[in-house]
Amino acid sequence: MGNFGLLMEGFQVAITPMHIGIMVVGVMLGLIVGVLPGLGAPNGVSLLIPLTFTMDPVSAIILLASMYWGALFGGSTTSILFNIPGEPSSVATTFDGYPMAQKGQTTRALTLAFMSAGIGALVGVVVITLLSTWAAEFALRFGAPEYFSVYFLAFCAFIGMGSSAPLKTIISLLVGLALSTVGMDTITGTLRLTFGVNELMGGVSFLVVVIGLFGIGELLMTVQDGLRFRGVTSRIDLRDVFRTIAELPRYWATLLRSSAIGTWMGITPGGPTAASFMSYGVARQWSRPGEPFGKGRPEGIVAPETADHSAGTCAMLPMLALGVPSSATAAVMMGGLMIWGLTPGPMLFATKPDFVWGLIASMYISNIVAVVLVMATVPMFAALLRIPFAIIGPVIVAICFVGAYTVSSATFDLWLVLLFGVIGYLFSKLNYPLAPLVLAMVLGHKAENAFHQSMILSDGSLGVFWSNPLVGSIMTLALILVLVPQLSRLVSKFRSRGTLRSAQ
Amino acid sequence: MVIKRIHMEILVACLTAIAGVVVAGGSLELGVGWTDSGPDAGYFPFYVGLLLAAAGFANAVWTVIVHRGEAEVFLEQEQAMRLLGFFLPMVAFVAVTLVLGLYVGAALYLFYVAWRQGKYNPLWAAALGISFAVFLFVVFDVLFKVPLLKGPLEAFLKIY
Amino acid sequence: MKKTSIVLALAATLLLSAGAFAQWAPERPVEFIVASGAGGGTDNFARTIQSIIAQHDLMDQSVVVLNKGAGSGAEAFVYAKGNAGDPHKLIFGTNNVYLLPHVAKMAYTSEDLVPVAALALDEFLIWVKADAPYADAAAFIEAAKASPGSIPFGGSQSKDTDETLVALVEQKTGAEFKYVPFNGGGEVGVQLAGGHIAANVNNPNENLGQWQAGAIKPLCVFSDERMAESEPIHGDMGWHDIPTCAESGIDISAYQMPRTVWLPAGVSDEQLAFYVDVMEKVSQTPEWQEYVANTSQTGRFLAGDDLASFIDNSETSTVEVFKAEGWTAQ
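As the structure is a computational prediction, the values presented were derived from the model and not from experiment.

Let's talk about the overall build of chain C
Right, so step 1: What chain C contains, in helices and strands, is 11 helices and 11 strands.
Right, so step 2: Relative to the 2.2 N^0.38 estimate, which gives 20 Å for 330 residues, the radius of gyration of chain C is 20 Å and therefore close to what a compact globule would have.
Right, so step 3: Once the C-alpha set of chain C is aligned to its principal axes, its extents read approximately 60 × 55 × 30 Å.
Right, so step 4: Residue burial in chain C is summarised as follows: out of 330 residues, 58% are buried.
Right, so step 5: Counting only contacts in chain C whose residues sit at least 6 apart along the sequence, the fraction spanning at least 24 positions is 78%.
Right, so step 6: Element-wise, carbon and sulfur atoms account for 50% of the exposed surface of chain C, whose accessible area totals about 12500 Å².
Right, so step 7: For chain C, the separation between the mean place of its 19 positive charges and that of its 41 negative charges on side chains is 5 Å.

Observations regarding the domain arrangement of chain B
Right, so step 1: One can read the domain layout of chain B as domain 1 (3-75) and domain 2 (77-156).
Right, so step 2: Computed over C-alpha atoms only, the centres of domain 1 of chain B and domain 2 of chain B are separated by 37 Å.

Looking at the environment of Ile-159 of chain B
Residue and element names in this part refer to chain B.
Right, so step 1: Along the polypeptide, Ile-159 turns up in the segment after α6 (152-156).
Right, so step 2: Judged by its relative accessible area of 30%, Ile-159 falls in the partly exposed class.
Right, so step 3: Not counting residues up to four positions away in its chain, the partners in contact with Ile-159 are Phe-137, Lys-150 and Glu-154.

Some points on the environment of Thr-129 of chain A
All names here are of chain A.
Right, so step 1: For Thr-129, the position within the fold is in helix α6 (residues 106-140).
Right, so step 2: The class of Thr-129 is buried, set by a relative accessible area of 4%.
Right, so step 3: When the C-alpha atoms of Thr-129 and Ile-360 are compared, they prove to be 7.3 Å apart, with 231 residues separating the residues in sequence.
Right, so step 4: Setting aside residues no more than four positions away along its own chain, Thr-129 makes contact with Asn-3, Leu-7, Trp-357, Ile-360 and Tyr-364.
Right, so step 5: Reaching out from Thr-129, the side chain makes a polar contact with the side chain of Tyr-364 at a distance of 2.8 Å.

Some details on a nonpolar patch on the surface
Right, so step 1: Among the surface-exposed residues, Trp-466, Leu-479, Leu-483, Leu-487, Leu-490 and Phe-494 of chain A lie close enough to one another that they form a single nonpolar patch of about 630 Å² accessible area.
Right, so step 2: Along the chain, the position of Leu-483 of chain A falls in helix α21 (residues 469-503).

A closer look at the nonpolar core
Right, so step 1: Membership of the largest hydrophobic core comes to 219 residues, with the highest contact counts inside it found for Phe-355 and Phe-401 of chain A together with Phe-140 of chain B.
Right, so step 2: Both domains that meet at this core, namely domain 1 (3-75) and domain 2 (77-156) of chain B, each give it at least three residues.
Right, so step 3: Contacts of Phe-140 of chain B, omitting those with residues within four sequence positions, involve Leu-36, Gly-38, Leu-39, Val-402 and Thr-406 of chain A together with Tyr-103, Lys-145, Val-146 and Leu-148 of chain B.
Right, so step 4: Among the nonpolar cores identified, the runner-up in size contains 60 residues, and Ala-104, Ala-144, Ile-151 and Val-321 of chain C belong to it.

A look at the domain arrangement of chain C
Residues and elements named next belong to chain C.
Right, so step 1: Domain assignment breaks chain C into domain 1 (2-121 + 258-302 + 315-325) and domain 2 (125-241).
Right, so step 2: On the domain 2 side, the residues contacting the 10 residues of domain 1 number 13 residues.
Right, so step 3: Interface area, domain 1 with domain 2, both sides summed: about 930 Å², of which 56% is carbon and sulfur.
Right, so step 4: By the criterion of area lost to domain 2, the three top residues of domain 1 are Ser-296, Val-321 and Glu-325, representing 45% of everything that side buries.
Right, so step 5: Along the contact surface separating domain 1 from domain 2 lie zero salt bridges.

Some remarks on the environment of Glu-123 of chain C
All names here are of chain C.
Right, so step 1: Topologically, Glu-123 is positioned in strand β4 (residues 113-123).
Right, so step 2: On a C-alpha basis, the gap between Glu-123 and Glu-176 in space is 23 Å, while along the polypeptide they are 53 residues apart.
Right, so step 3: If sequence neighbours within four positions are ignored, Glu-123 has contacts with Asn-202, Asn-203, Pro-204, Val-221, Phe-222, Ser-223, Met-227, Gln-256 and Thr-298.
Right, so step 4: Side chain to side chain, Glu-123 and Thr-298 meet in a polar contact 2.6 Å long.

With respect to the packing of aromatic side chains
Right, so step 1: A full pass over the atoms with the stated rule returns 51 aromatic pairs over all chains.
Right, so step 2: An angle of 75° between the planes, with centres 6.3 Å apart, marks the rings of Phe-451 of chain A and Trp-34 of chain B as edge-to-face. With Phe-451 of chain A in helix α20 (residues 435-457) and Trp-34 of chain B in strand β2 (residues 34-35), the pair connects residues from two separate chains.
Right, so step 3: Its relative accessible area of 11% is what places Phe-451 of chain A among the buried residues.
Right, so step 4: For Trp-34 of chain B, a relative accessible area of 39% corresponds to the partly exposed category.
Right, so step 5: Residues Tyr-43 of chain B and Tyr-47 of chain B carry aromatic rings whose centres are separated by 5.0 Å and whose planes lie at 55° to one another, so their mutual orientation is tilted. Linking Tyr-43 of chain B with Tyr-47 of chain B, this pair stays in helix α2 (residues 43-67), spanning four residues, or about one helical turn.
Right, so step 6: In this structure Tyr-43 of chain B comes out as partly exposed when scored by relative accessible area, which is 22%.
Right, so step 7: Judged by relative accessible area, Tyr-47 of chain B falls into the partly exposed class, the value being 39%.
Right, so step 8: The positively charged end of Arg-116 of chain B is found above the aromatic ring belonging to Trp-115 of chain B, 5.1 Å away from the centroid.

A few points about the confidence of the model for chain C
Residue and element names in this part refer to chain C.
Right, so step 1: Predicted confidence across chain C gives a mean pLDDT of 88, with 93% of residues reaching 70 or more.
Right, so step 2: Per-element confidence in chain C is highest for strand β5 (residues 125-129), whose mean pLDDT is 96, and lowest for helix α1 (residues 2-21), whose mean pLDDT is 49.
Right, so step 3: Under a pLDDT of 50 for its full length, residues 14-21 has, in the predicted model, five contacts with residues more than four places off or in other chains.

Describing helix α5 (residues 122-143) of chain B
Right, so step 1: Its 22 residues place the ends of α5 of chain B 30 Å apart at the C-alpha level, agreeing with the 32 Å of an ideal helix rising 1.5 Å per residue.
Right, so step 2: A maximum bend of about 25° is found in α5 of chain B at Phe-137 of chain B.
Right, so step 3: Of the residues making up α5 of chain B, those classed as buried are Ala-125, Leu-128, Gly-129, Phe-132, Ala-133, Leu-136, Val-139, Phe-140 and Asp-141 of chain B.
Right, so step 4: Elements in contact with the buried residues of α5 of chain B: α18 (389-408) of chain A together with α4 (102-117) of chain B.
Right, so step 5: At the N-terminal boundary of α5 of chain B, the capping side chain belongs to Asn-121 of chain B, with an oxygen 2.9 Å from the backbone nitrogen of Leu-123 of chain B.
Right, so step 6: One or two residues past the end of α5 of chain B sits Lys-145 of chain B, with phi positive at roughly 55°.

Focus: the interface of chain A and chain B
Right, so step 1: Listed per partner, the contact involves 64 residues of chain A and 62 residues of chain B.
Right, so step 2: Carbon and sulfur atoms make up 83% of the area that chain A and chain B hide from each other, which totals about 5400 Å².
Right, so step 3: Of all residues in chain A, Leu-174, Val-402 and Leu-430 of chain A give up the largest surface area on contact with chain B, accounting jointly for 10% of the area buried on that side.
Right, so step 4: There are one salt bridge connecting chain A and chain B.
Right, so step 5: We note a salt bridge from Lys-168 of chain A to Glu-9 of chain B, for which the minimum N-O separation is 2.9 Å.
Right, so step 6: Inspection of the chain A/chain B interface yields eight residue pairs in polar contact (both at pLDDT 80 or more).
Right, so step 7: Residue classes in the side of chain A that touches chain B are distributed as 46 nonpolar, 12 polar and six charged.

Some words on the sheet that holds strand β10 (residues 256-264) of chain C
Residues and elements named next belong to chain C.
Right, so step 1: With mixed pairing, the six strands of this open sheet are ordered in space as β2-β1-β3-β10-β4-β11. Of all strands in the sheet, those bounded by a partner on one side alone are β2 (63-67) and β11 (298-303). With strand direction ignored, the average angle separating the axes of adjacent strands in the sheet is 20°.
Right, so step 2: Strand direction decides the pairing type here: β4 and β11, joined by four bridges, are antiparallel. Looking across to β11, one finds that Ala-118 is bridged to Leu-302.
Right, so step 3: The sheet strands contacting helix α11 (residues 304-325) are β4, β10 and β11, and the helix crosses β11 at an angle near 110°.

A word on the packing of helix α2 (residues 17-35) of chain A against helix α4 (residues 57-82) of chain A
Residue and element names in this part refer to chain A.
Right, so step 1: At their nearest, the axes of α2 and α4 sit 6 Å apart, and the two run at 35° to each other. Handedness of the crossing formed by α2 with α4: right-handed.
Right, so step 2: Looking at side-chain class alone, the contact of α2 with α4 contains 14 nonpolar, 11 polar and no charged residues.

Examining the sheet that holds strand β7 (residues 178-182) of chain C
Residue and element names in this part refer to chain C.
Right, so step 1: Taken in spatial order, the five strands line up as β7-β6-β8-β5-β9 in an open sheet, and their pairing is mixed. In this open sheet, the two edge strands, each paired with only one partner strand, are β7 and β9 (216-221).
Right, so step 2: Alignment of β5 against strand β8 (residues 199-200), held across two bridges, turns out to be antiparallel. Bridge pairing in β8 links Trp-127 to Asn-200.

Procedures and definitions
Residues numbered from 1 in each chain as written. Chains lettered and ligands numbered in written order. Predicted model: local features only at pLDDT ≥ 70, side-chain atom pairs only at ≥ 80, totals over all residues. Heavy atoms only, no water. Helix = DSSP H or I, 4+ residues; strand = E, 2+ residues; numbered from the N terminus. Rg over C-alpha atoms; globule rule 2.2 N^0.38 Å. Buried < 20%, exposed > 50% of the residue type's maximum accessible area, 1.4 Å probe, protein only. Contact = heavy atoms within 4.5 Å. Areas by Shrake-Rupley, 256 points an atom, 1.4 Å probe, with all protein chains shown as cover. Lys, Arg positive; Asp, Glu negative; His and termini not counted. Charge placed at Lys NZ, Arg CZ, Asp CG, Glu CD. Domains from an automatic or database assignment. Polar contact = N/O pair within 3.5 Å; in protein donor to acceptor, adjacent residues only side chain to side chain. Patch = residues over 30% accessible without salt bridge, like charges linked within 9 Å, V, L, I, M, F, W, Y side chains within 5 Å. Salt bridge = Lys/Arg side-chain N within 4 Å of Asp/Glu carboxyl O. Core = buried A, V, L, I, M, F, W, Y, C linked by side-chain atoms within 4.5 Å. Buried area = accessible area lost by both parts, 1.4 Å probe. Phe/Tyr/Trp six-rings, centres within 6.5 Å; stacked < 30°, edge-to-face > 60°. Lys NZ or Arg CZ within 6 Å of the ring centre and 35° of its normal. pLDDT = per-residue confidence, 0-100. Expected span 1.5 Å × (residues − 1). Bend = angle between axes of the 7 residues up to and from the residue. Nonpolar A, V, L, I, M, F, W, Y, C, P; charged D, E, K, R; others polar. Pairing = 2+ DSSP bridges. Axes fitted to C-alpha atoms, helices over the stretch in contact; angles between N-to-C directions. Left-handed = near helix turned anticlockwise from the far one by under 90°.

This is the structure we're talking about:
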């Protein structure tokens, strides 16, 4: 009950007219930053840091955190409207969000995304409120082998289900892995696969690849059938918003499952991007039969959005309690903490309860503020699609290239976007799945690092991955997630063959 | 003229195989062995490259054997023209950007597409291009302090 | 009240001294190129200076901060090379500017940049888990000698400052560790607190939180004198109570990481002088003192010949370690 009392005191800190004002400003700024690829949450937050030096730390962190929530919401918008993920963690939202918008259900897709994101975030805050002490200690138990097992689990949960062309899935996965190895390798300190190109020193940027593959690639797919968006003639009806909200309780199982996955990935070092992929994969595997995923199925939007936001929220916990930022944005905020003279660590909860609990209380409020604000923008964003293609098409192209340029202010990245645009077009046209490529890029190098560290610690013995109950059970679970669907498919194949024969 | 799907399938499969060879080759100089402290720097990329080459090759062979003679169309000529009509201005946009900067590049690109493909009045299209560039400038350079690539025009106007 | 009067007095002195130096001043916005990702130590360093410059109006032109942290910061230095002679680009780094080209084939050399100033020194300490059986650094070294190559020693990055220091300890004492590189100091700190590694050489502020909580403890600091007096951090121990490593029998008098500011090569002397002056003023502000104290660094302003000889010493001694470890490139 101690935490509850502290939370109530936190609310007293957070609910002041000034703090509510700060939240509104922060969320608005975050929305802008999240919608435009290239600005991005880390960028926006670091821009605000110098402004916060003269502020009270509680107000400062509320401003930065609100901006982060806003950016997380904004990132989903472009995923759904234009197939361009504004933030890495909203890539998985494109899989069903964009097709649904193309069917003319833009309002429904956006509403589903924002509402489930809000629910995910609230679950995340509740978990932080109730379990902060336990979760911080739990996170301490993660060493290199455990890190690897978490990445491996995310991988397996996503890859585990069948795909139409296994060979093409494997190729896509391998291309992603190869891309993730380019650049400086942390463990060996060597430059890999840069082929003497200075711009590749930092690796191939994830955002650049995603903008090319999804943004430009999809535009190319669109224009081959005429210079207009496919099938979009959406009426904007405010009643759609409420109808969709009323539809939400139907997905309670997906919401619950995805929040759990998100919370788990936020506390362990998986992070929001991995969480959204994993949750999408699991939803695809466990949802009741119905319309196929990837063609605008509601659960395909609810699952990644819920997990993304509950993970994003829970990721604040390791940052505050351990000083480990689990995302680029968290890293910037942590830098802010230090400049304000606060030391992230287990003692922060004891020495600065007003700061920590003020922040946690503000997370309840600012996420609700964010949902309200972002829902108000739905009609506006949905209307964007009615602008003639000859105008909005090139605008999207220009914004894509601007976004890619800002990643590292390198013109080289502009060519990369073109290249990946062509690859994206060819791959989607020839039915190569893009998701494994993206997931491999996100997790590939992290998993390789953790694997390598484990090998150094264990002197090259693979047994380290089953050396304690924690890592052992995660690894085993991961293997089960890969193998069970394959086995069950084999079994059902045999069965159907059997019935066919008996029918003959 | 029509592009057949099977040809594109084989082409892309071969390209992925070549990419695999390049990756594996590039990793060779890093050391691809297994040392006391785990894998060498090139170990992962090397085997990823090898597997990619093998998978690409297998895919090409598979396509030739299984789908030989299929006549599914990849692109009609009309589609290809439309695609090029969209893609080439985009390439030109990038090329122009390198010389004139992102703002001028984006303005010209928007102007051209709205004028030629959208059939808008050139004055209207020019206004569109310029106002978009100004919007970009205000949001990125002024509000969020993210400088975009600038060219000779900005230098002339003393905008840095 | 007191704070404002200090600021006013400072502003007055700054105004008086400004006339003497200001032969050249930036003509357009100045880019701060940060050789680390957003949120890293170098990033905080640059953004603090940015905010102090703005608060005290030390420069007429505005400042834009750009992160170029790829390749351990090499991206920023290559960028400096590509912008030779441009006095509107300041590069913020550590000792990586002059050390990186020694360990990897880089597209720049340290001649492509000129040092402006160093504003602070970040200390390195040996940290172990609080319940570790080592009472002091000597006992820790003995334990490592007893079982060579089996004590996991964590650090940030590979062939970077942390691994160099661990290698230096090995060379000086004859002990042998198992070095495990991680992505950043915060991660290494948590790995130690969780008991996944036995020791690390983190900077003070990277481990402060875990020390406060009593999860880990410092053994010694690699400095020629003890750190400044401070409030007790854990129990009755504060920064000043940590013995130097030389006291504990590790023959390394000082190993510190300077927070440095650079310009691209080819700028004129007046341009260099302008920034030296700005940085010196920054280092005298109360905000800077506060930043140094908050991040447990040692504030020391170095420029001109002092800085040149500091860099020279640091480079020569480190390159010796590189050679002994066989890390040198080319």
